[in-house]
Amino acid sequence: MADWEYMEQQETASLRRENAILKVRAERAELWVEIQKSLDAAERGTADTPGGALMDAAVQMAPLVGIVALCAALGLSRATFYRRRDKTVRARRA
């Protein structure tokens, strides 16, 4: 194998790794846009309790992005999230 072929293979592998990383970043960015849309819609909706619709949207989005990232984005402590989530889950079961 010639040196140029080896270098071409290395560059191709590097570009594929970079492409995979960029795909993941793009998927995350799209997910955050969906979260923002969902939260905006929840804030416009009605709720039984203050922040109830927002909390419903947050509970639905948490499995997709993770609770830590979601709470950081919302400026919400995780303890508050868990307390409100537990109330939301109990209300749905009743």
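Residues numbered from 1 in each chain as written. Predicted model: local features only at pLDDT ≥ 70, side-chain atom pairs only at ≥ 80, totals over all residues. Heavy atoms only, no water.

Engineer: Could you give an account of the overall build of the chain, with specific residues and numbers?
Structural biologist: In terms of helices and strands, the chain carries four helices and zero strands. For the chain, the sequential pattern of α-helices and β-strands runs α-α-α-α. By residue count, 19% of the 94 residues in the chain fall in the buried class. Carbon together with sulfur atoms contributes 52% to the accessible area of the chain, which is approximately 7300 Å² in total. (Helix = DSSP H or I, 4+ residues; strand = E, 2+ residues; numbered from the N terminus. Buried < 20%, exposed > 50% of the residue type's maximum accessible area, 1.4 Å probe, protein only. Areas by Shrake-Rupley, 256 points an atom, 1.4 Å probe, with all protein chains shown as cover.)

Engineer: Which residues make up the side chain of T80, and what values go with them?
Structural biologist: Mapped onto the elements, T80 comes out in helix α4 (residues 78–93). Exposure remark for T80: the relative accessible area of 17% places this residue in the buried category. Among the polar contacts listed, one links the side chain of T80 to the side chain of S77, at a separation of 2.8 Å. (Polar contact = N/O pair within 3.5 Å; in protein donor to acceptor, adjacent residues only side chain to side chain.)

Engineer: For the packing of aromatic side chains, give the residues involved together with the corresponding values.
Structural biologist: With the rule as written, the count across this model stands at one aromatic pair. Ring geometry for F81 against Y82: centres 5.7 Å apart, planes inclined by 75 degrees, an arrangement best described as edge-to-face. Since its relative accessible area comes to 0%, F81 is described here as buried. (Phe/Tyr/Trp six-rings, centres within 6.5 Å; stacked < 30°, edge-to-face > 60°.)

Engineer: Any chance you could break down helix α3 (residues 67–74) for me, citing the residues and the numbers?
Structural biologist: Listed in full, the buried residues belonging to α3 are I67, L70 and C71. Each buried residue of α3 lies within a common arc of 95 degrees when the element is viewed along its axis, so the set occupies one face. For α3, the exposed residues set more than 90 degrees away from the buried face come down to V68 and A72. Looking one or two residues past α3, G75 carries a phi angle of roughly 70 degrees, positive in sign. (Arc of directions from axis to C-beta.)

Engineer: Describe the nonpolar core, naming the residues involved and giving the relevant values.
Structural biologist: Counting residues in hydrophobic clusters, the biggest one holds 11 residues: I35, M55, A58, V59, M61, A62, I67, L70, C71, L76 and F81. Elements supplying a minimum of two residues to this core: α2 (52–65) and α3. (Core = buried A, V, L, I, M, F, W, Y, C linked by side-chain atoms within 4.5 Å.)

Engineer: Give a description of the environment of D86 that names residues and reports values.
Structural biologist: Position of D86 among the secondary structure elements: in helix α4. Overall, D86 belongs to the partly exposed group, its relative accessible area being 31%. The spacing of D86 and V59 is 27 residues in sequence and 9.7 Å in space, taken between C-alpha atoms.

Engineer: Residues and numbers for a nonpolar patch on the surface, please.
Structural biologist: On the surface, a nonpolar cluster with roughly 410 Å² of combined accessible area is contributed by M1, Y6 and M7. Mapped onto the elements, M1 comes out in the segment before α1 (3–44). With a relative accessible area of 69%, M1 lands in the exposed category. (Patch = residues over 30% accessible without salt bridge, like charges linked within 9 Å, V, L, I, M, F, W, Y side chains within 5 Å. Salt bridge = Lys/Arg side-chain N within 4 Å of Asp/Glu carboxyl O.)

So yeah, pure geometry; function would need other evidence.
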